[in-house]
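Residue strings, one per chain:
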Amino acid sequence: MVKEGEKIHGYVLKSGVWFDNYVGNSVMDMCGRYHDAVGVYKKMREDSGVKSDEATVVSTLSACTALKSLELGKEIHRYIVEEVGFSLIIGNALVDMYCKCGCLMLARQIFDDMPTKNVICWTSMVSGYVNSSQLDEARELFERSPIRDLVLWTTMINGYVQFSRFDDAMDLFRSMQMQRIKPDKYTLVALLTGCAQLPDLLSLCDLRHPDVKGRKRIHEAASIKLSD
């Protein structure tokens, strides 16, 4: 199937239908490989003169994020400002790209300027602070978020565990349980990582977990992990 896709790619280049945004975006999706996706974007810009649309810039920003290609990401940002314009999806992609490339100031500037934010944007920004060991800033944003899904809760809990703030992790987990948000395997793995580093954390689970079934799940999972 990949070879067939490459044949079609060659036909696109020769026929000139490359210059259509829809076709170009489809080629980027087919490529899948990030370096190839960036190459497709550059080819579209250099050869066609066709204005890239939202799907094109978001796909390329995702590739920049994976490749940590900050300079190209900034180039696309400038192009968005000059030609495309902002949308919620583009704003999310830019915040995520700058956070994962370590440019938190630029990410926060875009975040603060966004008139509308969804939980994806809040999670990207919180995760960016966590990954830069700025846990207090991450928690401040977490508390401000009007919508907190399981991913956002787990991101903050995992950050506390990652930097050995186990009491904060358990306090947050208790708050999550009190709000009837059911943990998934990723939440439990984050807590179990803390258990492995600090055996007394299991006793904290007993003291602070308001749900007997929840305590049992953590103990059972811990027993499996510690026996591996």
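All of these numbers come straight from a predicted model, not from anything done at the bench.

K.L.:
Looking at this structure, I do not really get the overall build of the protein chain. What am I missing?
P.N.:
From N to C terminus, the protein chain includes 14 helices and 0 strands. The buried share of the protein chain, reckoned over its 228 residues, is 43%. Contacts in the protein chain between residues far apart in sequence, at least 24 positions, make up 58% of those at least 6 positions apart.

K.L.:
Sorry, what's going on with the pattern of salt bridges here?
P.N.:
For side chains bearing opposite charge, pairing can occur when the charged atoms are close. In this structure the tally under the stated criterion is 8 salt bridges. For the salt bridge of D112 with R108, the shortest nitrogen-to-oxygen distance reads 2.9 Å. In this pair, D112 and R108 both sit in helix α7 (residues 104-113), 4 residues apart, roughly one turn of the helix. Its relative accessible area of 43% is what places D112 among the partly exposed residues. Residue R108 is classed as buried on the basis of its relative accessible area, which comes to 18%. One salt-bridge network, in which partners are shared between bridges, spans D136, R165 and D168.

K.L.:
Which parts of the structure should I look at to understand the layout of surface pockets?
P.N.:
Leftover empty space is mapped by rolling, across the atoms, a probe with the size of a water molecule. Its boundaries defined by the atoms lining it, the largest pocket holds a volume of some 200 Å³. Around the largest pocket, the lining residues are H77, F86, S87, L88, L106, Q109, I110, D113, M114, P115 and T116. Ranked by residue count, the leading element in the lining of the largest pocket is α7, at 4 residues. Class assignment for the residues of the lining of the largest pocket results in 6 nonpolar, 4 polar and 1 charged.

K.L.:
Can you walk me through the UniProt feature "repeat: PPR" (unreviewed entry) in the protein chain in this structure?
P.N.:
As recorded in UniProt, the sites labelled "repeat: PPR" (unreviewed entry) are residues 149-183. With 74% helix and 0% strand, residues 149-183 has end C-alpha atoms that lie 11 Å from one another.

K.L.:
Can you walk me through α7 in this structure?
P.N.:
Turning to α7, its buried residues are L104, A107, R108, I110 and F111. Around the axis of α7, the buried residues are gathered within 165 degrees of arc, so they sit on the same side. Exposed side chains of α7 directed beyond 90 degrees from the buried face belong to M105 and D113. Buried residues along α7 sit in contact with α5 (70-84), α6 (88-100), α8 (119-131) and α9 (135-144).

K.L.:
What is the right way to look at the packing of α9 against helix α10 (residues 150-162) in this model?
P.N.:
When two helices pack together, you describe them by how their axes are tilted relative to each other and by the distance separating the axes. Following both chains from N to C, one finds α9 and α10 inclined at 160 degrees, their axes separated by 11 Å at the closest point. Between α9 and α10, the crossing angle belongs to the class labelled roughly antiparallel. Here α9 runs over α10; the crossing is left-handed. Only L152, W153, M156, G159 and Y160 of α10 make contact with α9, whose side of the interface consists of L135, A138, R139 and F142. Residues that form the contact of α9 with α10 fall into these classes: 7 nonpolar, 1 polar and 1 charged.

K.L.:
Which parts of the structure should I look at to understand the packing of aromatic side chains?
P.N.:
What describes a pair of aromatic rings is the distance from one ring centre to the other and the angle between the planes of the rings. Tallied over the entire structure, the rule returns 2 aromatic pairs. An angle of 90 degrees between the planes, with centres 5.0 Å apart, marks the rings of F111 and W122 as edge-to-face. Taken as a pair, F111 in helix α7 and W122 in helix α8 lie far apart in primary sequence, 11 residues in all. W122 shares its class with F111; the two are buried. Seen from their ring centres, F142 and W153 are 5.0 Å apart, and the 80 degrees between their planes marks the pair as edge-to-face. Here W153 lies in helix α10 and F142 lies in helix α9, a separation of 11 residues in the sequence. Given the relative accessible area of 0%, F142 is considered buried. When the ring centre of F111 is taken as origin, the NZ or CZ atom of K117, which lies over that ring, is 5.0 Å away. Lying across the ring of F142, R148 places its NZ or CZ 4.8 Å from the centre.

Rules used throughout
Residues numbered from 1 in each chain as written. Predicted model: local features only at pLDDT ≥ 70, side-chain atom pairs only at ≥ 80, totals over all residues. Heavy atoms only, no water. Helix = DSSP H or I, 4+ residues; strand = E, 2+ residues; numbered from the N terminus. Buried < 20%, exposed > 50% of the residue type's maximum accessible area, 1.4 Å probe, protein only. Contact = heavy atoms within 4.5 Å. Salt bridge = Lys/Arg side-chain N within 4 Å of Asp/Glu carboxyl O. 1 Å grid on protein atoms, 1.4 Å probe; cavity = no way out; pocket = protein on both sides within 12 Å on 5 of 7 lines; lining within 4 Å. Points joined across faces, edges and corners; volume = space filled by probe spheres on them. Nonpolar A, V, L, I, M, F, W, Y, C, P; charged D, E, K, R; others polar. UniProt positions renumbered as here; feature names shortened; annotations may be inferred. Arc of directions from axis to C-beta. Axes fitted to C-alpha atoms, helices over the stretch in contact; angles between N-to-C directions. Parallel < 35°, antiparallel > 145°, perpendicular 65-115°, else oblique. Left-handed = near helix turned anticlockwise from the far one by under 90°. Phe/Tyr/Trp six-rings, centres within 6.5 Å; stacked < 30°, edge-to-face > 60°. Lys NZ or Arg CZ within 6 Å of the ring centre and 35° of its normal.

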